[in-house]
Amino acid sequence: MSHSVITVETQENVSQKLFIQPPTSGLSLQGRIRIPGDKSISHRALMLGAIAQGQTQIKGLLLGEDPCSTASCFQAMGAEISELNSELVTVTGIGLGNLQEPTDVLNAGNSGTTMRLMLGLLASHPGRFFTVTGDSSLRTRPMSRVVKPLQQMGAQIWGRKDGSLAPLAISGQALKPIHYHSPIASAQVKSCILLAGLLTEGQTTVTEPALSRDHSERMLKAFGAKLDIDPQTHSVTITGPTQLVGQTVVVPGDISSAAFWLVAGAIVPNSELVIENVGVNPTRTGILEALAMMGADIQRLNEREVAGEPVADLRVRSSRLQSCTIAGEIIPRLIDEIPILSVASVFATGTTVIKDAAELRVKESDRIAVMAQQLNKMGAKVTELPDGMEITGGTPLVGTDVDSYTDHRIAMSLAIAALVATGKTTIQRAEAASISYPNFVPTLETVISQ
Ligand code: S3P
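Worth saying up front: this structure is predicted, and the values here are computed from it rather than measured.

What counts and how
Residues numbered from 1 in each chain as written. Predicted model: local features only at pLDDT ≥ 70, side-chain atom pairs only at ≥ 80, totals over all residues. Heavy atoms only, no water. UniProt positions renumbered as here; feature names shortened; annotations may be inferred. Helix = DSSP H or I, 4+ residues; strand = E, 2+ residues; numbered from the N terminus. Contact = heavy atoms within 4.5 Å. Pairing = 2+ DSSP bridges. Axes fitted to C-alpha atoms, helices over the stretch in contact; angles between N-to-C directions. Right-handed = clockwise from strand over helix to strand, strands pointing away.

Student: So what exactly am I meant to see when it comes to the UniProt feature "binding site: phosphoenolpyruvate" (unreviewed entry) in the protein here?
Tutor: Within the UniProt annotation, "binding site: phosphoenolpyruvate" (unreviewed entry) is assigned to Lys39, Gly112, Arg141, Gln188, Arg367 and Arg409. Relative to the elements of secondary structure, glycine 112 occurs in helix α3 (residues 112-123). Non-local contacts of glycine 112, meaning those with residues more than four positions away in its chain, are made with Leu138, Arg141 and Gln188. Looking at where glutamine 188 falls in the secondary structure, it is placed in helix α6 (residues 187-198). Beyond its immediate stretch of four places on either side in the chain, glutamine 188 contacts Gly112, Thr113, Arg116, Leu117 and Val146.

Student: Explain the sheet that holds strand β1 (residues 6-11) to me, please; I cannot follow it from the model alone.
Tutor: Remark on secondary structure: sheet strands pair via backbone hydrogen bonds, oriented parallel or antiparallel. Ordered by their spatial adjacency, four strands build an open sheet running β1-β2-β26-β25, and the pairing between neighbours is mixed. In this open sheet, the two edge strands, each paired with only one partner strand, are β1 and β25 (401-403). Geometrically, the sheet is characterised by an average inter-axis angle of 20° between neighbouring strands, direction not taken into account. Lying over the sheet, helix α13 (residues 440-447) contacts β1 and β2 (15-20), oriented at roughly 160° with respect to β1.

Student: Hey, could you run me through the pairing of strand β12 (residues 202-207) in this one?
Tutor: For a regular strand, side chains alternate in direction, first toward one face of the sheet and then toward the other. Inspection of the sheet shows strand β11 (residues 179-181) paired to β12 by three bridges, in the parallel sense. Across the sheet, residue histidine 181 finds its bridge partner in β12, namely threonine 207. As for the winding sense of the linkage, the β-α-β connection from β11 through α6 to β12 is right-handed. Judged from the six bridges that link them, β12 and strand β14 (residues 235-240) form a sheet pairing that is antiparallel. Residue pairing in the sheet places glutamine 203 in a bridge with threonine 239 of β14.

Here it is in structure tokens:
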């Protein structure tokens, strides 16, 4: 029956309009969901596998467009990667320092993680020349946050606006180690410098103002890198050069994808969803803490550890939500979940304040401006702050024409909002979801019950 709630119209084989119209009697969500593999871990498994010695087996890789961009860049530099699938991908690594000079521009597509992490490796390959670009969104995103520290290490990188915008050209060099005090808590910045440090003689340290996701640290250690972590000061030191050795990586489900179902299950009346195999690394579980503060009924079931990452099943039931303030050290631990948290806040009593999240303005879109505009079009009360939003809950949403701005997390957040709006919502450029969650719409169809 759910097919009448959701319709997809594809234009020119690419652009998709997603129509969502709940029945006037409402709908509920029921079922068990297996979410796709973690995007951050998928990128890192492909990259470390490519530069390690020997074979890396990856189970549960995310088949989204972003990891595909990473795979094609490293294939162009000599790594052998079997056909991408979520069962088993085999990467035959080329060994430390052996990335080959590609004969064409490396294209990171929409993926900031691909470009920023890869830059650390390219900059530290002496005698080789690389050019990197990305799609129209990525070409507007700040690269100076990684280019500056790499230049302090002796890197030679050129690009528009003093090397801060892609396309970038890189002439690989033997770098010198530094201690970098990052002004932002960013796993992409931290990982870029650690990867540059991997090939650099001596100790390279990154200190960040708050702890960002630590997947690079976990995986680098598992592959044999020499890493020292000081949790007190949020510092990581890598001693290079160290040869990495191929490993088996089991990628858990992406909590950033689970977040859409957690909020959907909480705000759609009479719902109960179980989301299986979700990565619950503490550097990523800010969303669970924020939703708990808001009163969401979410339980962790079957907690376990899989290949060095904590995993659980999550059960969510419809809940009465209340407002809260989300700010400070929790922000880097839920940065990608703020668009869907803003949807949850629309259904919470009181005014939710989200602060210290200016980073959202330089993601795949300006997520503060876009979410505020699109939710307000639907009747919400959202005020933009320079570094966040104020959302006053309790106003009913009304279906209308909204736009993802080609940002995957905006597309999916608006689809969840549409489930609890009256009338029909049209989401323009909804195909963006496939960047991180290619099966989002079919999964939504399976859990809708009328
Ligand atoms: C990511 C880190 C985060 C996150 C991005 C993925 C990663 O970015 O927003 O989606 O895989 O390292 P920052 O580290 O720049 O905050």
